[in-house]
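# Coordinates in review
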Amino acid sequence: MAELTAELNLHESHLYANRTMMHRAFSVAILIALLIATSVASAQEPVDFGTQIAPLLTRNCSACHNAKKPEGGLVLESFATLMKGGDSGDSIVPGMAEKSEMLARVVATDDSVMPPDDNAVGAKRLTEVEVGLLKSWIAAGAPAPRAAANSMLKFRDITGSLKPIYASDVSPDGSYLAFGIGNVVALATNPFGAAAPRLDYLIDADLKLPDGTPIQATHVDLVQSIAFSPDSQRLAVGGFRSVKIWKRQTESNPIDAPVPAGSSILASNLVGDRIAVSTPEHAVVLVDTEKMQPIVTLKGHLSPITAVAFVPNSQVVFSCDDSGRVLRWTLPAESQTTAPSEILFSEATPSENVSQVTIDAKEVIGLAATSANSVIVLRKDKKVRALQFNSANAEANVPARFGPIVAFDRLADVHSVHTVQPTDSAQYLIAFENGAIEVVKPESAEAIVRFEQGAPLMALAVSRDGKRLSTAGATGPAKLWNLSDGKSTVNLEGDYENLRTLQVAERNAARQKALVDLLAARVPELKKEAEKEVEARKKVEEARTKAVEAIAAKVKEVEAAQAQVAATQASMEETRKAIEELNKKMTALAGELEAKQKAVAEADKRKQDADGELVKHDQALATASDSVERASALIPKQESLVAAETALLTTAQQTLDAQRAAPAPLIQTLAFDKLSNAVIAATADNCLNVFDAATGKALAKLQPSAVAIKQLFVSSDQRIVGGDGNQWFAWNLTLPWSLERTFGSPFGNESATALFSDRITALDFSPDGQQLAVGSGPPSRFGDVKILNITTGEVTRDLGEAHSDTVLGLQFSPDGRQLTTCGADKLSRLYQTESGELLRSFEGHTHHVLAVAWQSNGQTLATASADNSVKTWNVETGERKQSIGGFGKEVTAIEFVGQTDQIVTSSIDGQVKLHNASNGQQVRVFAGANSPLYSVSVSDDGQFIVTGGQSGQILIWKLADGAMLRKIPDDAK
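Reference entry: report on the structure contained in this document. Nothing here was measured: the structure is a model prediction, and the numbers come from that model.

Bringing the overall build of the chain into the picture now. What the chain contains, in helices and strands, is 8 helices and 57 strands. When each of the 973 residues of the chain is scored for burial, the buried share is 50%. Look at the contacts in the chain between residues 6 or more apart in sequence, and 51% of them connect residues 24 or more apart. Of the roughly 42,900 Å² of accessible surface on the chain, a fraction of 51% belongs to carbon and sulfur atoms.

With that settled, consider the side chain of Ser168. Positionally, Ser168 belongs in strand 3 (residues 168–170). In this structure Ser168 comes out as buried when scored by relative accessible area, which is 9%. Polar contacts involving the side chain of Ser168 include one to the side chain of Ser935, which spans 3.1 Å.

Take unusual backbone geometry next. For the bond running from Ile968 to Pro969, omega is -5°, close enough to zero to count as cis. Looking at the element boundaries, Pro969 is found in the segment after strand 57 (964–968). Even without glycine at this site, Gln718 takes up a positive phi of about 65°. Position of Gln718 relative to the elements: it lies in the loop between strand 34 (711–714) and strand 35 (719–723). On the basis of relative accessible area, Gln718 is assigned to the buried category, the value being 13%. The backbone phi angle of Ser780 is positive, close to 65°, even though this residue is not glycine.

As summarised here, the arrangement of the 4 strands in space is 11-12-13-14, forming an open sheet in which the pairing is antiparallel. Two strands close off the open sheet at either side, each with one partner strand: strand 11 (264–268) and strand 14 (293–299). Sheet twist, expressed as the average angle between the axes of neighbouring strands with direction ignored, equals 30°. As judged from the 6 bridges shared by strand 13 (residues 283–288) and strand 14, these two strands associate in the antiparallel manner. Residue pairing in the sheet places Val287 in a bridge with Pro294 of strand 14.

Right, let's get into the packing of helix 3 (residues 49–60) against helix 6 (residues 128–139). Interaxial distance between helix 3 and helix 6 falls to 11 Å at its minimum, and their mutual angle equals 130°. Taken together, the axes of helix 3 and helix 6 are oblique relative to one another. At the point where helix 3 passes helix 6, the crossing takes the left-handed sense. Contacts between helix 3 and helix 6 involve Phe49, Gln52, Ile53, Leu56, Arg59 and Asn60 from the first element and Glu130, Leu133, Leu134 and Trp137 from the second. Split into classes, the residues belonging to the contact of helix 3 with helix 6 amount to 6 nonpolar, 2 polar and 2 charged.

Turning next to the environment of Lys99. Here Lys99 shows up in the loop between helix 4 (79–84) and helix 5 (101–107). Separated by 39 residues in sequence, Lys99 and Ile138 have C-alpha atoms that sit 10.0 Å apart.

What follows deals with the sheet that holds strand 38 (residues 762–765). If you walk across this open sheet you meet the 4 strands as 38-39-40-41, and the pairing is antiparallel. Because the sheet does not close on itself, it has two edges, and the strands there are strand 38 and strand 41 (795–803). Ignoring strand direction, the axes of neighbouring strands in this sheet form an average angle of 15°. The sheet contact formed by strand 38 and strand 39 (residues 771–776) spans 4 bridges and is antiparallel. Each residue of the ladder has a partner; that of Ala762, found in strand 39, is Gly775.

With 12 residues, helix 6 ought to run about 16 Å at 1.5 Å a step, and its terminal C-alpha atoms sit 16 Å apart, in line with that. Residues of helix 6 that are buried include every one of Glu130, Val131, Leu133, Leu134, Trp137 and Ile138, and no others. When helix 6 is viewed along its axis, its buried side chains cluster within an angular range of 160° and face the same direction.

Taken as a whole and judged by the stated rule, the model has 20 salt bridges. Taking the shortest distance from any N to any O, the salt bridge between Arg741 and Glu740 comes out at 3.3 Å. With a relative accessible area of 23%, Arg741 lands in the partly exposed category. The residue Asp758 makes a salt bridge to Arg759 at a minimum N-O spacing of 3.3 Å. Here Asp758 matches Arg759 in class, with each residue buried.

Now for the pairing of strand 40 (residues 783–789). Along strand 40, 6 of the 7 residues are buried, which leaves the element largely enclosed by surrounding structure. Where strand 39 meets strand 40, 6 bridges bridge the pair, whose relative direction is antiparallel. The residue bridging Ala773 from the neighbouring strand is Ile787, located in strand 40. Bridging between strand 40 and strand 41 involves 6 bridges; their strand directions are antiparallel. Residue Lys786 lies in a different strand from strand 41, and its bridge partner there is Asp798.

Most of helix 3 is tucked away: 11 of the 12 residues are buried. Residues Phe49, Gly50, Thr51, Gln52, Ile53, Ala54, Pro55, Leu56, Leu57, Arg59 and Asn60 constitute the buried set of helix 3.

Where burial is concerned, most of strand 52 (residues 912–916) is hidden: 5 out of the 5 residues are buried. Neither face of strand 52 is exposed, since Val912, Leu914 and Asn916 on one face and Lys913 and His915 on the opposite face are all buried. Relative to strand 52, strand 51 (residues 902–907) runs antiparallel, the two sharing 5 bridges. For Ile903, the partnering residue across the bridge sits in strand 52 and is His915. Linking strand 51 back to strand 52 in an antiparallel pair, the connection comprises 4 residues, with Gly910 at a positive phi of about 80°. Where strand 52 hands over to strand 53 (residues 922–926), the hairpin turn is made up of 5 residues, of which Gly920 adopts a positive phi near 80°.

Along the chain, Val75 falls in the loop between strand 2 (69–70) and helix 4. On the basis of relative accessibility, which here comes to 14%, the residue Val75 falls in the buried class. When the C-alpha positions of Val75 and His65 are compared, they lie 4.7 Å apart, and in sequence the two are 10 residues distant. In contact with Val75, not counting residues within four places along its chain, are His65, Asn66, Ala67, Pro70, Thr81 and Leu82.

Moving on, we come to the packing of aromatic side chains. Across all of its chains, the model carries 10 aromatic pairs by this definition. Measuring from centroid to centroid gives 5.4 Å for Phe49 and Phe79, while their planes differ by 75°, and the two rings are edge-to-face. Of this pair, Phe49 sits in helix 3 while Phe79 sits in helix 4, and the two are 30 residues apart along the sequence. Assessed through its relative accessible area of 4%, Phe49 is described here as buried. Plain terms: the ring middles of Tyr176 and Trp737 are 5.2 Å apart, the flat faces sit at 85° to each other, and that makes the pair edge-to-face. Here the residue Tyr176 occupies a position in strand 4 (residues 176–181), and Trp737 occupies one in strand 37 (residues 737–744), the gap between them amounting to 561 residues. For the pair shown, Tyr176 and Trp737 are each scored as buried. Here the aromatic cluster, defined as three or more aromatic residues joined through ring pairs, consists of Phe49, Phe79 and Trp137.

Rules used throughout
Residues numbered from 1 in each chain as written. Predicted model: local features only at pLDDT ≥ 70, side-chain atom pairs only at ≥ 80, totals over all residues. Heavy atoms only, no water. Helix = DSSP H or I, 4+ residues; strand = E, 2+ residues; numbered from the N terminus. Buried < 20%, exposed > 50% of the residue type's maximum accessible area, 1.4 Å probe, protein only. Contact = heavy atoms within 4.5 Å. Areas by Shrake-Rupley, 256 points an atom, 1.4 Å probe, with all protein chains shown as cover. Polar contact = N/O pair within 3.5 Å; in protein donor to acceptor, adjacent residues only side chain to side chain. Pairing = 2+ DSSP bridges. Axes fitted to C-alpha atoms, helices over the stretch in contact; angles between N-to-C directions. Parallel < 35°, antiparallel > 145°, perpendicular 65-115°, else oblique. Left-handed = near helix turned anticlockwise from the far one by under 90°. Nonpolar A, V, L, I, M, F, W, Y, C, P; charged D, E, K, R; others polar. Expected span 1.5 Å × (residues − 1). Arc of directions from axis to C-beta. Salt bridge = Lys/Arg side-chain N within 4 Å of Asp/Glu carboxyl O. Phe/Tyr/Trp six-rings, centres within 6.5 Å; stacked < 30°, edge-to-face > 60°.

Quick look at the structure:
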């Protein structure tokens, strides 16, 4: 039964990952079935707390009774805390189920029932089966768990058995697409190219289950979050309580030189498995590039060797030295596997006759050859001559000689000579110092094709298939050419890092300008508001003046009435003296006095009313004055904010201008890879840039070596080897990814002591690539967010329980100053990155908020929810801008397209849609998916959309027309 319950926990663990109601229902169905099976098993052996009771408490009680939120003082996360009880005393009385408060509460029919029906965490009442298990356990004396506490958390190898895609991301440079297939991360190289992408898998070689069983996977649990760093050099992958950082390998590795120091790489053969190296002893050493071991040594030159030419598809090699001597070497067929041998000019020619081989007594500095008997020679005087090797006259015993065919005399100095095509009828390529390039016929010196680099030539390389040429000048971009017609196909885009930095600088400057414009536009509005407040205060002052005037009039009325009273009182005094005579008059005057006193009272009341009105006007005036002060105070604050943001804009613009003005590193050496798909350029900063030979796009920048790269070649096994003759370095052109570091661990007894509390459900790099935001949280308990330093792993900011339920998405703002999160508590929240301060919450969704995305301008947020809707928000005010419906089921992922206001979404009903965020209008639906979708990604250039889901298949569409580019893996395979 313990094994069965462990299997139940495993199902629950995996099925929760879907984070949608559909799959939760499926999970519940499986749980019920397993519980029924468990009840059958329970009749055969005692109930165990660890495998049977604890899971019930976790599912139904721990969300409200845990160490961080112990309602009623009761914690139900472990056997010890359960037996400790709560504020009301013991919750369990061992052996006495009828006196145990917990049992009474779970079976209650009144308001004391637990969990309550109206709970906010979705907890369900225990079923009859579950109540029976709890009662049986208490009746048996509530024994402690038979297994250790960590037996509740079971792992088994799920590699290959579960293949949903919950997360995907496209590298900012567009070179990679990463996606999780179950617990393995797949990496597609060049996913949007014409050819099918290369697919690699990121396997942690040290990954093992707790029992020591090794598994071939990225994580032990499902991969639910993936994020590339802004520079495309790192990939963060989230699993259960752990994050792994993978790094693209661009570093150079020193290699043992197969020849003495001071040697120079002079040429490589067509296949790339042999290079010719000249040594300080004036020998030519042929080196096996895969083993980096010398295989043949050619001795026969008496002065420094200046050039070597391999004859394609042949065992013939030509070499020359600075004295003008040219030698022809015939290599034995078995030379690739035998020990080094010495071969001279000809097998029949003694070494002393080699000195007779000269070219008009001119020093030779360059060679090219395409047949065993034909060679083109570049002399030190920068003249070119095509020569034919004539077979020796055996009867006359005349040694073999080179005979001239035709001289290629041009006005410009020659930079280098090359073989164009690997055939016996090949043409030759002549490159001139001024940047002119000619493809010529060797027998006539006729120029078949001529084209211009446009600047003095610095470097040149011919592809191994003889179809393309790459050139670099002292100024302007490096170029790729078709040798058949001399047309330039593409420009090499420049330095990879500089291009990415420039792109970021352009976006930062544009975003900052938009922010400054927005803030500045509010200043006139604030001034108008202040003017309105001043006008309103003026009206209040006018009303108050009228009230004061009215009061003055009322005072005069009172004074007049009081004067009449005084006069009447005087008359009464006189009348009293003659009271006997004027008794009747006294009575009349008394009545008159009463009437006039009443008039005084009424006048006084009117004065009091006027005083009240004056108080109201004074209050209104004070309020209006406060409004004027507040409105006026906002103006300098806004102007100060505009000034501060303008200063940042100035800095951003200066950075952009400096980046634009920065000269690209001068290219010194060029080489094609073995398939002619890539061009490698060695620059003056000792770095290598890799370009796509079809598009000219910069693919990568390989980190610098310790020396200048004076010689460069690509081996047959796709290694780049270069150096200065004394030190050699190698780079792996396949750019493999390796595990750099791991944060956290999936194994452990208590989540409270772990770096992360649960599954890593959200990841995002800060715009500078130095920090990583990590979202997690156990279901129905809390959602936590931590920000890590990528280099040290230190938690630089802990937002704590950022949500009351699992965090399902997060993203840094484009400027990195803020972080937005969303979770299963139906909320999205905005935090200040540096301080961790909660700035505001975005409320309005009625179900889990599954994803959040920033618009590039940093002013708008978009949220996707399980309530089948998308909402957009004003970041500054928190007000909702648009509510977009029309989705059949839960919207699982959302992304903005490039620098536009368009958003792409995926949903459980298999729909991928494009909307305008500004007005909510639907633009396009991308057809082809037929199963629930959980992830969506957009290429940085906004041209391609990527999604994945339950089927375990990636789908890629072109955004412009909605056409599907490809599926990975392809249905046809």
